[in-house]
Amino acid sequence: MKRILLYGCTSALLLAGMIQTTSCKKESDPGTPTYADYSINPSMPDSLTMVISFGDAKRQSGALPVTASTGTITISYDPSLTVSTGGSKTFLPIVFQGSEAFTKVLLSVTGATKEYFVFDAPNAGTSGTFFVPMTIPKSVTEGNFSLDVLLQNDKGDIVGSKRLTVPVKIKKPYECATGGTSVSGSSGITQTLHALNGKAGDVSIAWNTYSIPDRIDVFVDGVWKAGTGSTIAPPPPLCPCSSPLPGFVGSSGTFTVPVTADNKAVEVYVSGCTGSGTAWDYNLKCAQ
């Protein structure tokens, strides 16, 4: 009888151990592939499509539709973007004027054949600027690509007057250097990440927008800290150089932004005004 009880207890202990071991095992999701840092070449559109995202846009199989446009909406500005990888969000501006409202934005990496994106825009109206959020993860290396953008109404008609092709230049985040890092550009949106890597103290940003007005905004881990205008949340505004909005200045100065060792990155947005060949630059230094 003792032998039987001992066997029963041993079996129970083994079973309990098996249950505990099984419950602690973490299974990976086979449907979510992972990509090494800077492993995706942006010149390969289908590969880039796998990792790029546009807010909560839905993915659709196949290539972007080629249906003719009704021409009831005119896209009046061809934007250019310069953005950092690393998972930070930037914004694609669509400046438009029309006789009817669009309700969806269709986006595709130029040349992609396997998937495109559909972003809902139920309150876009008939004129103004509509921003689509875009995230390029750290798995994408430096390089260039372009986006094709179409506007669609609630009936499913393509209403944009042209296929808008947006050139995008991407670059890795800069290391926040004590000797300074210089960045320059012109019209359009330039979004640059400066990785802090544990550096604490004051970050100094000496900037110059020269005579034609541009806007500069500085964020630390997504929180606005300084700028040529008042506090904003992304997306940054856009305007023609001939009609500058508040915060667009033709001037120079220095921002001093305190950071802690827990902060991850300083992000600088520059909105270059459109239509007059503007130029701007800044130099960002970390504390010694």
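Above this note sits the structure.
Heads up: these notes are all about the structure in this document. (Residues numbered from 1 in each chain as written. Predicted model: local features only at pLDDT ≥ 70, side-chain atom pairs only at ≥ 80, totals over all residues. Heavy atoms only, no water.)

1. Quick look at the overall build of the protein
Now for step 1: A tally of regular secondary structure across the protein gives 2 helices and 18 strands.
Now for step 2: Per element, the accessible surface of the protein, about 14400 Å² overall, is 54% carbon and sulfur. (Helix = DSSP H or I, 4+ residues; strand = E, 2+ residues; numbered from the N terminus. Areas by Shrake-Rupley, 256 points an atom, 1.4 Å probe, with all protein chains shown as cover.)

2. Some words on the sheet that holds strand β4 (residues 89-98)
Now for step 1: Spatially, β2-β4-β7 is the arrangement adopted by the 3 strands of the open sheet, whose pairing is antiparallel. Pairing within the sheet leaves two strands with one partner each, and these edge strands are β2 (73-75) and β7 (127-135). Geometrically, the sheet is characterised by an average inter-axis angle of 35 degrees between neighbouring strands, direction not taken into account.
Now for step 2: As defined by bridge partners, β4 adjoins β7 across 9 bridges and the pair is classed as antiparallel. Across the sheet, the residue bridging to Gln-97 is Ser-127, located in β7. (Pairing = 2+ DSSP bridges. Axes fitted to C-alpha atoms, helices over the stretch in contact; angles between N-to-C directions.)

3. Let's talk about the environment of Cys-286
Now for step 1: For Cys-286, the location among the structural elements is in the segment after β18 (280-285).
Now for step 2: Considering only alpha carbons, one finds Cys-286 and Thr-181, 105 residues apart in sequence, at a separation of 9.2 Å.
Now for step 3: When residues no more than four places from it in sequence are discounted, the contact partners of Cys-286 are Cys-176, Ala-177, Thr-178, Leu-196, Lys-199, Asp-202 and Val-203. (Contact = heavy atoms within 4.5 Å.)

4. Side note on the pairing of strand β14 (residues 214-220)
Now for step 1: Of all the 7 residues making up β14, 7 are buried; the element is thus mostly covered by neighbouring parts of the structure.
Now for step 2: Side chains of β14 alternate between two faces, with Asp-214, Ile-216, Val-218 and Val-220 and Arg-215, Asp-217 and Phe-219 buried alike.
Now for step 3: Bridge analysis of β14 against strand β17 (residues 265-272) gives 7 bridges, and the strand direction is antiparallel. Across the sheet, the residue bridging to Val-218 is Val-268, located in β17.
Now for step 4: Pairing between β14 and strand β15 (residues 223-227): 4 bridges, direction antiparallel. Looking across to β15, one finds that Phe-219 is bridged to Trp-224. (Buried < 20%, exposed > 50% of the residue type's maximum accessible area, 1.4 Å probe, protein only.)

5. Some details on the sheet that holds β18
Now for step 1: Reading across from one edge, β11-β18-β13-β16 is the order of the 4 strands in this open sheet, with antiparallel pairing throughout. Every interior strand has two partners, whereas the edge strands, β11 (181-185) and β16 (252-259), have only one. This sheet shows a mean twist of 20 degrees between the axes of neighbouring strands, independent of strand direction.
Now for step 2: Pairing of strand β13 (residues 201-208) with β16 involves 8 bridges; the strand directions are antiparallel. Bridge pairing links Val-203 to Val-257 in β16.

6. So, the nonpolar core
Now for step 1: Core analysis: the biggest nonpolar cluster contains 45 residues, and Phe-102, Val-105 and Val-168 have the highest contact counts within it.
Now for step 2: With 5 residues, β4 is the single largest residue contributor to this core.
Now for step 3: With sequence-adjacent residues up to four places away left out, Phe-102 is seen in contact with Ile-73, Phe-96, Ala-121, Ala-124, Gly-125, Phe-130, Leu-151, Gln-152, Asn-153 and Val-159.
Now for step 4: With 20 residues, the next largest nonpolar core counts Trp-207, Phe-255, Val-270 and Tyr-282 among its residues. (Core = buried A, V, L, I, M, F, W, Y, C linked by side-chain atoms within 4.5 Å.)

7. Concerning the environment of Val-249
Now for step 1: On the secondary structure map, Val-249 appears in the loop between β15 and β16.
Now for step 2: Classification of Val-249 as partly exposed rests on a relative accessible area of 24%.
Now for step 3: Distance from Val-249 to Thr-209, taken between C-alpha atoms, is 6.9 Å for residues 40 residues apart in sequence.
Now for step 4: Contact partners of Val-249, with chain neighbours within four places excluded, come to Trp-207, Thr-209, Ile-212, Pro-213, Asp-214 and Thr-228.

8. So, the pattern of salt bridges
Now for step 1: The tally for this structure, following the rule as stated, stands at 5 salt bridges.
Now for step 2: Across the pair Glu-115 and Arg-59 runs a salt bridge, and its minimum N-O distance is 2.9 Å. Pair noted here: Glu-115 is in strand β6 (residues 115-120) and Arg-59 is in strand β1 (residues 58-61), with a separation of 56 residues, a long-range link.
Now for step 3: The exposure class assigned to Glu-115 is partly exposed, which follows from its relative accessible area of 26%.
Now for step 4: Classification of Arg-59 as partly exposed rests on a relative accessible area of 34%.
Now for step 5: Each of the salt bridges in this network shares a partner with another, and the network as a whole consists of Lys-58, Lys-104 and Asp-120. (Salt bridge = Lys/Arg side-chain N within 4 Å of Asp/Glu carboxyl O.)

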